[in-house]
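# Architecture and fold: a report
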Amino acid sequence: MLRSTLQKIIRHLAMRYGKFRGLYIQFCNPCAKEYTEFLRRHGNLYAIGENCSIWPNTVFGDPAYVRIGNNVHFSSCTVLGHDGSIAMLDRAYNVKLDAVGKIDIRDNVFIGLNAIVLRNVTIGPNAIVAAGAVVTKDVAEGDIVAGVPARPIGRVEDLVKKLQAETQSLPWADLINSREGSFDPEIEPELVKLRVSHFYGNTSTPTAAQFQQSPYPS
């Protein structure tokens with residue numbers, strides 16, 4: 001009871017006034033949807049569009065230079081609008097430098113786990129940045145990029161077709177077709193059981209923790 005009350009107080013102070021950000025993240029464990037709203041109010045980003053999801057462990061090194069379009073999903077990545085080496089170069093070479101740039105993320109973009117996006121980059125629209133990629137150049141509309149540095153490895157429209165065919169071949173395709181959005185807590189327990197049975201050939205009942213929270217940004 002006390003913990004719940006404290007969470008409500010901390011969440012209120014964070015969402016209303018932008019106070020106690022670290023405590024809010026650690027103690028309230030906000031979901032991506034809630035944290036996105038926190039950033040919309042207090043994150044100092046240039047802009048955030050609609051239907052976005054940003055997890056609390058996503059890092060924006062220079063939020064003022066970041067513009068985020070609609071339906072953009074971040075999976076615990078890092079977005080840096082500056083080159084941190086200039087402090088060292090200033091002292092070592094006695095020069096005065098500025099190495100700051102915008103990061104413009106257009107509509108319908110997914111940025112994967114541990115990806116790093118550097119300054120002077122525009123991504124999308126309709127693009128995917130793979131997990132672990134380091135984006136140093138613009139990502140063209142409809143491209144999938146991966147690697148260090150990130151390079152095009154495919155097209156989103158082809159991935160959609162591939163995943164559609166794969167999904168319709170699954171034993172639980174009917175459940176997926178009836179689902180609202182990409183995650184439905186009402187049917188997730190049944191989906192987990194069907195998947196486990198399909199993957200491992202057993203029908204053991206999964207624990208509540210296995211389907212308590214979606215593994216995907218919401």
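For the structure itself, look to the data block above.
Overview of the structure. (Residues numbered from 1 in each chain as written. Predicted model: local features only at pLDDT ≥ 70, side-chain atom pairs only at ≥ 80, totals over all residues. Heavy atoms only, no water.)

We now examine the overall build of the protein. Summing up its helical and strand segments, the protein has eight helices and 14 strands in all. Burial statistics for the protein: of 218 residues in total, 35% are counted as buried. The contacts in the protein between residues at least 6 apart in sequence include a share of 24% that link residues at least 24 apart. Accessible area for the protein stands at about 13,200 Å²; split by element, carbon and sulfur atoms hold 53% of it. (Helix = DSSP H or I, 4+ residues; strand = E, 2+ residues; numbered from the N terminus. Buried < 20%, exposed > 50% of the residue type's maximum accessible area, 1.4 Å probe, protein only. Contact = heavy atoms within 4.5 Å. Areas by Shrake-Rupley, 256 points an atom, 1.4 Å probe, with all protein chains shown as cover.)

Quick look at a nonpolar patch on the surface now. There is a patch of nonpolar side chains on the surface, built from Leu 2, Leu 6 and Ile 9 and spanning about 290 Å² of accessible area. Tracing the chain through its elements places Leu 2 in helix H1 (residues 2-17). With a relative accessible area of 64%, Leu 2 lands in the exposed category. (Patch = residues over 30% accessible without salt bridge, like charges linked within 9 Å, V, L, I, M, F, W, Y side chains within 5 Å. Salt bridge = Lys/Arg side-chain N within 4 Å of Asp/Glu carboxyl O.)

What follows is about the sheet that holds strand E9 (residues 116-117). Strand order across the open sheet formed by four strands is E3-E6-E9-E12, with parallel pairing between neighbours. Two strands bound the open sheet, and with one partner strand each, they are strand E3 (59-60) and strand E12 (134-135). Pairing analysis gives two bridges linking E9 to E12, with the strands arranged parallel. The partner of Ile 116 across the bridge, within E12, is Val 134. (Pairing = 2+ DSSP bridges.)

This next bit is on unusual backbone geometry. The omega torsion of the bond from Gly 124 to Pro 125 falls at 15°, within 30 degrees of zero and hence cis. Locating Pro 125 in the fold gives a position in the loop between strand E10 (121-123) and strand E11 (127-129). If you check the backbone angles, Asn 108 has positive phi at about 60° while not being a glycine. Note on placement: Asn 108 falls in the loop between strand E7 (103-105) and strand E8 (109-111).

Let's shift gears to helix H7 (residues 188-200). For H7, built from 13 residues, the straight-helix expectation of 18 Å at 1.5 Å per residue is met to within 8% by its first-to-last C-alpha distance of 18 Å. Residues Glu 188, Leu 191, Val 192, Arg 195 and Val 196 constitute the buried set of H7. Buried residues of H7 fall within an arc of 130° about the axis and therefore sit on the same side. Note on H7: the residue one or two positions beyond its end, Gly 201, has a positive phi of about 70°. (Expected span 1.5 Å × (residues − 1). Arc of directions from axis to C-beta.)

Along the chain, the position of Val 109 falls in strand E8. Spatially, the C-alpha atom of Val 109 lies 9.3 Å from that of Ile 68, the residues being 41 residues apart in sequence. Excluding residues within four positions of it along the chain, Val 109 makes contact with Asn 71, Val 72, His 73, Ile 123, Gly 124, Asn 126 and Ala 127.

With that out of the way, let us pick up the environment of Leu 80. Of note, Leu 80 is situated in the loop between strand E6 (78-79) and helix H4 (86-93). Relative accessible area serves as the criterion here: at 24%, Leu 80 is assigned to the partly exposed category. Linking Leu 80 and Tyr 46, residues 34 residues apart in sequence, is a C-alpha distance of 14 Å. Those residues within four positions of Leu 80 in sequence are excluded, and the remaining contacts are Gly 61, Asp 62, Ile 103, Val 117, Leu 118 and Arg 119.

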